Amino acid sequence: MRTTIAAGNWKMNTNSRTGVELASALAGGLQTKAPTCEVIVCPPFPYLAAVVAAVRGTGIQVGAQDLYHQEDGAYTGEVSAAMLLDVGCTHALIGHSERRHVLKECHGLINLKLKAALKAGLQGIFCVGETLAERDAWQTEKVLDEQMCRGLAGITAEQMAAVVIAYEPVWAIGTGVTATTAQAEEAHRSLRGWLQSHYSSEVAEKTRILYGGSVKPGNARELVDQPNVDGALVGGASLEADSFLKIIAAVG
């Protein structure tokens with residue numbers, strides 16, 4: 001049985017005060033009813049250490065929104081996996097659609113980042129998903145296949161134990177449009193089939209696949225009830241404690 005995950009991606013939001021307030025509110029809310037799912041929050045880089053301190057001992061894990069693939073050196077503005085571990089992170093988002101489409105990260109760079117995260121001991125939340133144009137052209141499976149093949153190139157079956165897949169249809173991120181349960185399940189089933197054909201039935205069965213794209217308290221339960229959906233990667237709705245706590249309850 002796969003343990004579900006509720007992960008909140010705060011993106012470029014919050015500040016030192018509101019980030020700690022949000023983390024503390026989540027920690028307080030979970031004290032009264034401990035979830036059965038894993039809970040992860042991904043604040044902006046400047047607030048990672050403060051959020052780690054705010055949730056210490058609560059069971060909430062902290063992830064970064066990105067990292068650089070080199071261990072150290074003259075890479076102005078970049079943050080390494082070792083630095084993230086040093087401040088208490090357990091996870092890192094890799095290949096989020098905004099990194100791919102806004103910041104133009106290529107498959108090769110995303111693959112290097114995932115390898116760096118795993119080598120350092122972080123768990124990688126590897127994001128994949130198609131655009132609206134690609135879906136309308138019936139290319140969803142082709143796009144996902146390429147992203148999986150190139151993003152997971154060189155990742156062993158043993159390393160896959162530390163990888164979570166997040167399916168994010170780009171057309172549903174921040175738009176208010178959510179994939180139907182049938183659309184979400186179809187994509188997740190396809191991804192699990194990819195894992196089986198490229199790794200093994202065991203890897204396919206154990207790997208958790210999250211849905212991300214306008215997840216809200218009102219649709220989280222229905223999405224996670226699908227056989228191949230193992231949780232949610234939540235954007236805007238994770239910025240309000242009450243909203244995210246409701247999603248956590250639905251997922252867990």
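For the structure, see preceding data.
First, a word on what this report is: a plain description of the structure on this page. (Residues numbered from 1 in each chain as written. Predicted model: local features only at pLDDT ≥ 70, side-chain atom pairs only at ≥ 80, totals over all residues. Heavy atoms only, no water.)

## Quick look at the overall build of the protein chain
(1) Moving on: Along the protein chain, the regular secondary structure elements total 11 helices and 8 strands.
(2) Moving on: For the protein chain, whose C-alpha radius of gyration is 17 Å, the value lies close to the compact-globule estimate of 18 Å for 252 residues.
(3) Moving on: By its C-alpha atoms, the protein chain is 45 × 45 × 35 Å across when sized along the principal axes.
(4) Moving on: Pairs at least 24 apart in sequence give 71% of the contacts found in the protein chain among residues at least 6 apart.
(5) Moving on: Here the protein chain displays about 11300 Å² of accessible surface, and carbon together with sulfur accounts for 53% of that area. (Helix = DSSP H or I, 4+ residues; strand = E, 2+ residues; numbered from the N terminus. Rg over C-alpha atoms; globule rule 2.2 N^0.38 Å. Contact = heavy atoms within 4.5 Å. Areas by Shrake-Rupley, 256 points an atom, 1.4 Å probe, with all protein chains shown as cover.)

## A word on the pairing of strand β3 (residues 61-64)
(1) Moving on: A two-sided burial pattern is seen for β3, the buried positions comprising Gln61 and Gly63 on one face and Val62 and Ala64 on the other.
(2) Moving on: By the bridge criterion, 2 bridges tie strand β2 (residues 38-42) to β3 in an arrangement that is parallel. Within the sheet, the bridge partner assigned to Ile40 lies in β3 and is Gln61.
(3) Moving on: Handedness of the β-α-β unit built from β2, helix α2 (residues 48-55) and β3 comes out right-handed.
(4) Moving on: Pairing of β3 with strand β4 (residues 91-94) involves 2 bridges; the strand directions are parallel. In the sheet register, Gly63 faces β4, and the bridge partner there is His91.
(5) Moving on: Each parallel crossover has a hand, and for β3 linked through helix α3 (residues 81-86) to β4 it is right-handed. (Buried < 20%, exposed > 50% of the residue type's maximum accessible area, 1.4 Å probe, protein only. Pairing = 2+ DSSP bridges. Right-handed = clockwise from strand over helix to strand, strands pointing away.)

## Some points on the sheet that holds strand β5 (residues 123-128)
Strand pairing in a sheet relies on backbone hydrogen bonds. The paired strands run either parallel or antiparallel.
(1) Moving on: Strand order in the closed barrel made by the 8 strands is β1-β2-β3-β4-β5-β6-β7-β8, with parallel pairing throughout. When strand polarity is set aside, the average angle formed by the axes of neighbouring strands in this sheet is 25°.
(2) Moving on: Strands in contact with α2 are β2 and β3; relative to β3, the strand with the most contacts, it is inclined by about 170°. (Axes fitted to C-alpha atoms, helices over the stretch in contact; angles between N-to-C directions.)

What is shown is where atoms sit, not what they do.
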